[in-house]
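Residue-level structure breakdown
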Amino acid sequence: MTVLVVVGAGVPGLASAADGGSGRPDLSRFYTQKIKWAACEDDTEAEATGNAKDVRCGKVTVPLDYADPAAGTVDVAMIRMKSSASGKPRGSLLLNFGGPGGPGVSALAMSQKEFGFLSKGYDVVSFDPRGVGLSEPVSCGDAEQNADPTDGPAAGDSDDPAAVLDELRRVAKECAATSGPVLPHMGTVNVSRDLDVMRQALGDKKLNFLGFSYGTRLGAVYAAQFPRKVGRMVLDGVDTLTEPVAEQSLATAEGRQTALDNFLAWCTGNAGCVFGTDSRAARHSMVRLVQDMDEMPLQSLDGQEFTGQDVVGVLSQALYSRQAWPALSQALGALLADGDPRALIRMSGGLAQGVRGDVPLDNMSAALMAVNCADDPDRPDAAHLEKEIGRLQEEFEEASPVFGKSMLMPVLLCFGRPAGTSYIRDDVRDVKTPKLLLVGTRGDPATPYRWTEETARRLGSQAVVLDNKGDGHTGYLGSTCVQDKVDGFLLYGETPKSGSSCPADSSG
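Since the model is a prediction, treat every value here as computed from it, not as a measurement.

What follows concerns the pattern of salt bridges. Applying the stated criterion to the full structure yields 18 salt bridges. Note that Glu395 is salt-bridged to Arg391, the shortest N-O span being 2.8 Å. Here Glu395 pairs with Arg391, and both are found in helix α13 (residues 382–399), just 4 residues apart, close to one helical turn. Overall, the relative accessible area of 31% leaves Glu395 in the partly exposed class. Since its relative accessible area comes to 43%, Arg391 is described here as partly exposed. The residue Asp467 makes a salt bridge to Arg442 at a minimum N-O spacing of 2.7 Å. Note that Asp467 is positioned in strand β10 (residues 463–471) and Arg442 in strand β9 (residues 436–443), a separation of 25 residues in sequence. With a relative accessible area of 6%, Asp467 lands in the buried category.

What follows is the structure, encoded as structure tokens:
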């Protein structure tokens, strides 16, 4: 069985030098490489970019294991939207769109317009982190079936917790067997070190960075590992650095339930809502819908099933933005009125951000699981977890009768894997960097605003908080005020006063 560990997490300074002196591993060949940019070959990226001359793809090679650079390498896929500045750009701005497990290459290819203003000052760059997308993707299922690990053991079957644990062990072994050598070297500590190799390969003395959601965890870890290499850094939709996976998942379940309640209140306040006019009755109807479809899924002509958990998956993504609410209302209307899930399935495909055909369909969920487990040092033994499964089920069900089951699964799926690094929880604090801009959104369904405040305190006096009063996950793409302040900070060095706020955006 492959072992999931992060080697050398306690000595992040190893990757900060490009020499092999003083007994340090020799990383010079990684820190002296140059990126060869060329037309994006993948069909998804080529279609999205229209083969534009200012969009190119490339890669950097990073060590599989920073403590043993001779043990193998990983090719990290990258994409660059060239600066439109008439003069010399100020360098590169690296984006991470979150996840963990979200592909950055296809995400930037399909969102060039949204980041076009930033290209007035930067080459805008994104990447697929190791184990994600085009960068040696991990998987936990049969390569032909593309099975999703979160569809495996039933978290609700607490009547036989020992059987659940046996299934979790099987899934962990399957992930190790299917994912290849990159799996034991997943985790934010290693991705941060990859980020520094990218910075050097791009020719930048400092890392300018915009991270969303999980990308804020990555940015915070980089700031702790490489404080002297930090340029202008924005963390939007701020993740926690301290809470265990179980507490993170529970907070996310609560946040998504609140967002769903807000959506149903909005829907029932508009004419034509399939749930009627009573928001409380609508909440009960949504719970029954998920339960009924889990018990009796819809089947398409090709034999594919559409379950209640598939509905939950679409809800989880669509609730990230108020702009998706009208389409979600119509799609749920078609499902409830006519038993037609096609609109929801189309929404699911559109929200998946263009998964390439030869990337396993479970890659995003498998990578999310691998990174979160690698970043978390807590790993209860079988006896403890067997005893606690029933309590966890009740706790997550109480937090959200709709999202509780799906959010409990990532917690259970860390069982059978070695404990992750304690570096993030113990050592990422009081960074000695230039000012960092942290954006927290009050109505965020995935990263509650209190995480912004907690992380700001952890990072210390260099953290500047921007309070976004709106809804949705992250602020940059949903608030013109947030976008203006972030653009001003990244392009012109205009730092808002800590505690500044943005009102709810009517267009969001």
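Counting buried positions along strand β2 (residues 73–81) gives 7 out of 9 residues, so the element sits mostly inside the fold. As paired strands, strand β1 (residues 55–63) and β2 are joined by 9 bridges and run antiparallel to one another. Paired with Val60 across the bridge in β2 is Val76. Both β2 and strand β4 (residues 123–127) contribute to a ladder of 4 bridges, which runs antiparallel. Pairing of Ile79 across the sheet is with Ser126, part of β4.

Before going further, it helps to examine α13. Between its first and last C-alpha atoms α13 spans 24 Å; for 18 residues at 1.5 Å apiece the expected length is 26 Å, and the two agree. At Glu388, α13 shows its maximal bend, which comes to roughly 45 degrees. Buried within α13 we find Leu385, Glu388, Ile389, Leu392, Phe396 and Ala399. Residues of α13 that are buried in the fold lie against α4 (161–179), α7 (245–268) and α14 (404–412).

Turning to the state of the cysteines, a few remarks are in order. Inspection of the entire model under this criterion finds 5 disulfides. Note that Cys267 is cross-linked by a disulfide to Cys273, the S-S spacing being 2.0 Å. Its S-S torsion of about 105 degrees marks the bond between Cys267 and Cys273 as right-handed, since a negative value means left-handed. Here Cys267 and Cys273 have matching classes, each one buried.

To continue, consider the pairing of strand β5 (residues 207–212). Along β5, 6 of the 6 residues are buried, which leaves the element largely enclosed by surrounding structure. Of the two faces of β5, both are covered, the one formed by Leu207, Phe209 and Gly211 as well as the one formed by Asn208, Leu210 and Phe212. In this sheet, β5 lies alongside strand β3 (residues 92–96) in parallel orientation, the contact comprising 4 bridges. Counterpart to Leu95 in the pairing with β5 is Leu210. Sheet topology note: the β5/strand β6 (residues 230–236) ladder contains 5 bridges and is parallel. Looking at β6, one finds that Leu207 is bridged to Val230. Viewed along the sheet, the connection from β5 through helix α6 (residues 214–225) into β6 turns out right-handed.

Moving on to the sheet that holds β3. One open sheet accounts for 9 strands, arranged β1-β2-β4-β3-β5-β6-β9-β10-β11; its pairing is mixed. Each edge of the sheet is formed by a strand with only one pairing partner; in this case those strands are β1 and β11 (500–502). Averaged over all neighbouring strand pairs, the angle between strand axes comes to 20 degrees, with direction disregarded. Along the sheet, helix α16 (residues 449–459) contacts β6, β9 and β10; its crossing angle with β9, the most-contacted strand, is approximately 160 degrees. Seen against the sheet, helix α17 (residues 480–492) touches β3, β5, β6, β9, β10 and β11 and runs at an angle of roughly 170 degrees to β6.

Criteria and thresholds
- Residues numbered from 1 in each chain as written.
- Predicted model: local features only at pLDDT ≥ 70, side-chain atom pairs only at ≥ 80, totals over all residues.
- Heavy atoms only, no water.
- Salt bridge = Lys/Arg side-chain N within 4 Å of Asp/Glu carboxyl O.
- Helix = DSSP H or I, 4+ residues; strand = E, 2+ residues; numbered from the N terminus.
- Buried < 20%, exposed > 50% of the residue type's maximum accessible area, 1.4 Å probe, protein only.
- Pairing = 2+ DSSP bridges.
- Expected span 1.5 Å × (residues − 1).
- Bend = angle between axes of the 7 residues up to and from the residue.
- Contact = heavy atoms within 4.5 Å.
- Disulfide = S-S within 2.5 Å.
- Right-handed = clockwise from strand over helix to strand, strands pointing away.
- Axes fitted to C-alpha atoms, helices over the stretch in contact; angles between N-to-C directions.

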